[in-house]
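# Inside the fold
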Amino acid sequence: MEVILLSDPSAVRLLGARILAQQLRRRPDSVLGLATGQTMIGVYAQLAGMQLDGSQLTCFNLDEYVGLSPSHPASYRAYMEQHFYEPLGVNRQRAFVPDGQADDIEAECARYEQRIEAAGGLDLQLLGLGEDGHIGFNEPGSSLASRTRLKTLTPSTRAANQRDFGDGTTPLHVLTMGVGTILSARRVLLLAYGPKKAEAVAAMVEGPVTAMCPASALQFHPACTVVVDEAAGAHLRLADYYRTVYAHKPRAARERLEGPA
Ligand code: GLP
């Protein structure tokens, strides 16, 4: 893993947006795997201000709640409309979110995997990180070889996401790409900030690979970049080493990832 430690959340959001922008410039018809959550709101806002054309993109979201209509304000489809599709002019024919209202959930999950494959696979998968080490909605105990399927949320994830549901309750079930689906992406970019993520970041980067921290499976990915702020990286034993590696990263390699300075 390439670990990049930055001073604060705004620096993480900016670098995240720059890496995505560089991907779009290099390949305007990229196939992107996209994430939701609080972390990404600021990233997408930065990206929206970069005058990019997203009309040739194909987008696949990580996850969606089961039983929620796409027009429900807490649905991930509604989130993507507001924060990504609309500002970047994404063609909705190529904007996919798992259908949590499908009658046949298993068939929907299989179809989702087939669609990703038919699109040529994910060029870049963007990820946030759950406080319990989840990626997408792959909760602790998830198979590290899993593909898109139905999952049950843990009480801690439901509590964390309750903010989006106001007086209603966070659904118990979700559809999510599997850890195996995420690992199949050609490149992975994970962003996290704030002290609440510190334990999960350390477990993901430096802990053993274990289903108890699904994000730790990213250690097997050959092209995974993790961008965190100092607070989220506070428990990293090799923090100084990561800072040195990034500070001395060859300019050409840096520009390839982030675009021109
Ligand atoms: C949520 C989402 C993830 C997201 C993560 C972190 O439950 N399913 O895709 O990346 O948890 O969320 P946040 O950025 O709000 O901390």
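Our structure's up above, just so we're on the same page.
Bear in mind that the values here come from a model prediction, so they are computed numbers and not experimental data.

## Digging into the sheet that holds strand β4 (residues 63-65)
What the three strands build is an open sheet, ordered β4-β8-β7; its pairing is antiparallel. Of all the strands in the sheet, the pair left with one neighbour each is β4 and β7 (149-152). Strand-to-strand twist in this sheet, taken as the mean axis angle between neighbours without regard to direction, amounts to 30 degrees.

## Things to note about the layout of surface pockets
Empty space among the atoms becomes apparent when a probe as large as a water molecule is rolled across them. Size it by volume and the largest pocket reaches roughly 520 Å³. What lines the largest pocket is a set of 26 residues, among which Leu129, Gly130, Asn161, Arg163 and Lys197 lie closest to the centre. Within the residue set of the lining of the largest pocket, elements represented by two or more residues are α2 (38-48) and α5 (155-161). It is α5 that provides the largest number of residues to the lining of the largest pocket, a total of four residues.

## Details of the environment of Glu108
Along the chain, the position of Glu108 falls in helix α4 (residues 105-118). Relative accessible area serves as the criterion here: at 3%, Glu108 is assigned to the buried category. As for Glu108 and Pro98, which are separated by ten residues in sequence, their C-alpha atoms are 7.3 Å apart. With residues near it in sequence (within four places) discarded, Glu108 still touches Val97, Pro98, Asp99, Ala102 and Leu175. For Glu108, the side chain forms a polar contact with the main-chain nitrogen of Asp99, separated by 2.8 Å.

## Thoughts on the site of the ligand
In the vicinity of the ligand, 15 residues are found, and the nearest of them are Gln38, Thr39, Asp63, Arg163 and Lys197. Here Thr39 contributes a side-chain N or O atom positioned 2.4 Å from an oxygen atom of the ligand. With respect to the ligand, the backbone of Gly136 contributes an N or O atom lying 3.2 Å from a nitrogen atom. Relative to its unbound accessible surface of 390 Å², the ligand loses 93% to contact with the protein. Taking a 2 Å distance to the grid points as the criterion, the majority of the atoms of the ligand fall inside the largest pocket.

## Considerations on the packing of helix α1 (residues 9-26) against α2
Two numbers describe a pair of packed helices, the interaxial angle and the distance between the axes. At their nearest, the axes of α1 and α2 sit 8 Å apart, and the two run at 55 degrees to each other. Considered as vectors, α1 and α2 are oriented oblique to each other. Handedness of the crossing formed by α1 with α2: right-handed. The segment α1 lies against α2, with Arg13, Leu14, Gly16, Ala17, Leu20 and Ala21 engaging Thr39, Gly42, Val43, Gln46 and Leu47.

## A few points about helix α3 (residues 76-88)
Of all the bends in α3, the greatest measures close to 40 degrees and is centred on Gln82. Those residues of α3 not exposed but buried are Tyr76, Ala78, Tyr79, Met80, His83, Phe84, Tyr85 and Leu88.

## Focus: α1
In a regular helix each residue adds 1.5 Å, so 18 residues correspond to 26 Å; α1 covers 26 Å between its end C-alpha atoms and thus fits that length. What α1 keeps buried is the set Val12, Leu15, Gly16, Ala17, Ile19, Leu20, Ala21, Gln22, Gln23 and Leu24.

Conventions adopted
- Residues numbered from 1 in each chain as written.
- Predicted model: local features only at pLDDT ≥ 70, side-chain atom pairs only at ≥ 80, totals over all residues.
- Heavy atoms only, no water.
- Pairing = 2+ DSSP bridges.
- Helix = DSSP H or I, 4+ residues; strand = E, 2+ residues; numbered from the N terminus.
- Axes fitted to C-alpha atoms, helices over the stretch in contact; angles between N-to-C directions.
- 1 Å grid on protein atoms, 1.4 Å probe; cavity = no way out; pocket = protein on both sides within 12 Å on 5 of 7 lines; lining within 4 Å.
- Points joined across faces, edges and corners; volume = space filled by probe spheres on them.
- Buried < 20%, exposed > 50% of the residue type's maximum accessible area, 1.4 Å probe, protein only.
- Contact = heavy atoms within 4.5 Å.
- Polar contact = N/O pair within 3.5 Å; in protein donor to acceptor, adjacent residues only side chain to side chain.
- Near = heavy atom within 4 Å.
- Areas by Shrake-Rupley, 256 points an atom, 1.4 Å probe, with all protein chains shown as cover.
- Sits in = over half its atoms within 2 Å of the grid points.
- Parallel < 35°, antiparallel > 145°, perpendicular 65-115°, else oblique.
- Left-handed = near helix turned anticlockwise from the far one by under 90°.
- Bend = angle between axes of the 7 residues up to and from the residue.
- Expected span 1.5 Å × (residues − 1).

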